[in-house]
Amino acid sequence: GAVVSQHPSWVICKSGTSVKIECRSLDFQATTMFWYRQFPKQSLMLMATSNEGSKATYEQGVEKDKFLINHASLTLSTLTVTSAHPEDSSFYICSAGLRGRTAYNEQFFGPGTRLTVL
Amino acid sequence: LAKTTQPISMDSYEGQEVNITCSHNNIATNDYITWYQQFPSQGPRFIIQGYKTKVTNEVASLFIPADRKSSTLSLPRVSLSDTAVYYCLVGGGKDTGRRALTFGSGTRLQVQP
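Here the structure is a predicted model, which is why all the values come from computation and not from measurement.

### Some details on the environment of Ser 73 of chain A
Residues and elements named next belong to chain A.
In step 1: Residue placement: Ser 73 occurs in strand S7 (residues 67-73).
In step 2: Judged by its relative accessible area of 27%, Ser 73 falls in the partly exposed class.
In step 3: Considered as a pair, Ser 73 and Ser 90 are 17 residues apart in the sequence and their alpha carbons are 26 Å apart.

So, in structure tokens, the structure goes:
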């Protein structure tokens, strides 16, 4: 099956620093990847859509200058949380759909990255 | 995307069958119904998907009535390891594997010994 990995699985950083999270599709190409954020006991909320070779599309209320997304290849998207603050502490999850796969809603999710900002 | 409504939580015991119903009154003609499972601190995992009638795989069954305004995920003989949050999603048409998903509140299933 299709596998999506994330790195790191967890990170603790000081307030004001930047953190980069990687999302990789290991055995398939993904022209589109998605970044979600999940707070404790809550559902996943879409942050942005990452498109290979073009700018990301951000959801309303998500600061594009704070959450930098780069999708430089068909297998890698990165999310950089700039000048992180405690309120950015959350579980960040990426997903990707199979390129060329039609008629299905199936996406493959990464294992998530737990970010804790002190 | 069609809005979905699920029970917030359910309790069950090991060995029982669990049925989780999802309402999606505004489902569109080309929408598929998909269920995901999420364990704590993990990404969601695809369980099953269907368009109409009944779909069965090695882990679950999905029942969809003719009007498609609801669907029921059936988990046979649950075990403690089935304790998780289950999300019902409704998505449109072809190639939706490359579209963002809208997650509702999900159903938190707690399986007791």
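### Describing the sheet that holds S7 of chain A
Strand-to-strand pairing in sheets goes through backbone hydrogen bonds, with the strands running parallel or antiparallel.
Residue and element names in this part refer to chain A.
In step 1: If you trace the four strands from one edge of the open sheet to the other, you get S1-S3-S8-S7, paired in antiparallel fashion. At either end of the open sheet lies a strand with only one pairing partner, and these are strand S1 (4-7) and S7. Strand after strand, the sheet turns through a mean of 15 degrees between neighbouring axes, direction not considered.
In step 2: Relative to strand S3 (residues 19-25), S1 is paired through four bridges, and the arrangement is antiparallel. Each residue of the ladder has a partner; that of Val 4, found in S3, is Ser 25.

### Focus on the nonpolar core
In step 1: One finds Val 4, Trp 35, Phe 67, Leu 79, Tyr 92 and Leu 115 of chain A to be the most contacted residues of the largest nonpolar core, which totals 26 residues.
In step 2: Every element with two or more residues in this core is listed here: strand S2 (10-13), S3, strand S4 (32-38), strand S5 (45-51), S7, strand S8 (76-81), strand S9 (90-96) and strand S11 (113-117) of chain A.
In step 3: In this structure, Tyr 92 of chain A is in contact with Gln 6, Ile 21, Tyr 36, Arg 37, Met 47, Phe 67, Leu 79, Gly 112, Thr 113 and Leu 115 of chain A, ignoring residues within four places of it in sequence.
In step 4: Listed in part, the 20 residues of the second largest apolar core include Val 18, Leu 75, Ala 84 and Val 111 of chain B.

### Describing unusual backbone geometry
Residue and element names in this part refer to chain A.
In step 1: The omega torsion of the bond from His 7 to Pro 8 falls at 0 degrees, within 30 degrees of zero and hence cis.
In step 2: Its location among the elements puts Pro 8 in the loop between S1 and S2.
In step 3: The residue Lys 41 is not glycine, and still its phi comes out positive at about 65 degrees.
In step 4: Structurally, Lys 41 can be placed in the loop between S4 and S5.

### A closer look at the sheet that holds strand S2 (residues 18-23) of chain B
All names here are of chain B.
In step 1: In spatial order, the strands read S2-S7-S6-S5; together these four strands make up an open sheet with antiparallel pairing. Edge strands, defined here as strands with exactly one partner in the open sheet, are S2 and strand S5 (53-56). The sheet shows a mean angle of 15 degrees between the axes of neighbouring strands, direction not considered.

### Concerning a nonpolar patch on the surface
In step 1: Among the surface-exposed residues, Trp 10, Ile 12 and Leu 118 of chain A lie close enough to one another that they form a single nonpolar patch of about 390 Å² accessible area.
In step 2: Structurally, the position occupied by Ile 12 of chain A is in strand S2.

### Focus on the pattern of salt bridges
All names here are of chain A.
In step 1: Counted under the stated rule, the structure contains two salt bridges over all chains.
In step 2: With its nearest N and O atoms 3.5 Å apart, the salt bridge here joins Glu 22 to Arg 24.
In step 3: Judged by its relative accessible area of 34%, Arg 24 falls in the partly exposed class.

Conventions and cut-offs
- Residues numbered from 1 in each chain as written.
- Chains lettered and ligands numbered in written order.
- Predicted model: local features only at pLDDT ≥ 70, side-chain atom pairs only at ≥ 80, totals over all residues.
- Heavy atoms only, no water.
- Helix = DSSP H or I, 4+ residues; strand = E, 2+ residues; numbered from the N terminus.
- Buried < 20%, exposed > 50% of the residue type's maximum accessible area, 1.4 Å probe, protein only.
- Pairing = 2+ DSSP bridges.
- Axes fitted to C-alpha atoms, helices over the stretch in contact; angles between N-to-C directions.
- Core = buried A, V, L, I, M, F, W, Y, C linked by side-chain atoms within 4.5 Å.
- Contact = heavy atoms within 4.5 Å.
- Patch = residues over 30% accessible without salt bridge, like charges linked within 9 Å, V, L, I, M, F, W, Y side chains within 5 Å.
- Areas by Shrake-Rupley, 256 points an atom, 1.4 Å probe, with all protein chains shown as cover.
- Salt bridge = Lys/Arg side-chain N within 4 Å of Asp/Glu carboxyl O.

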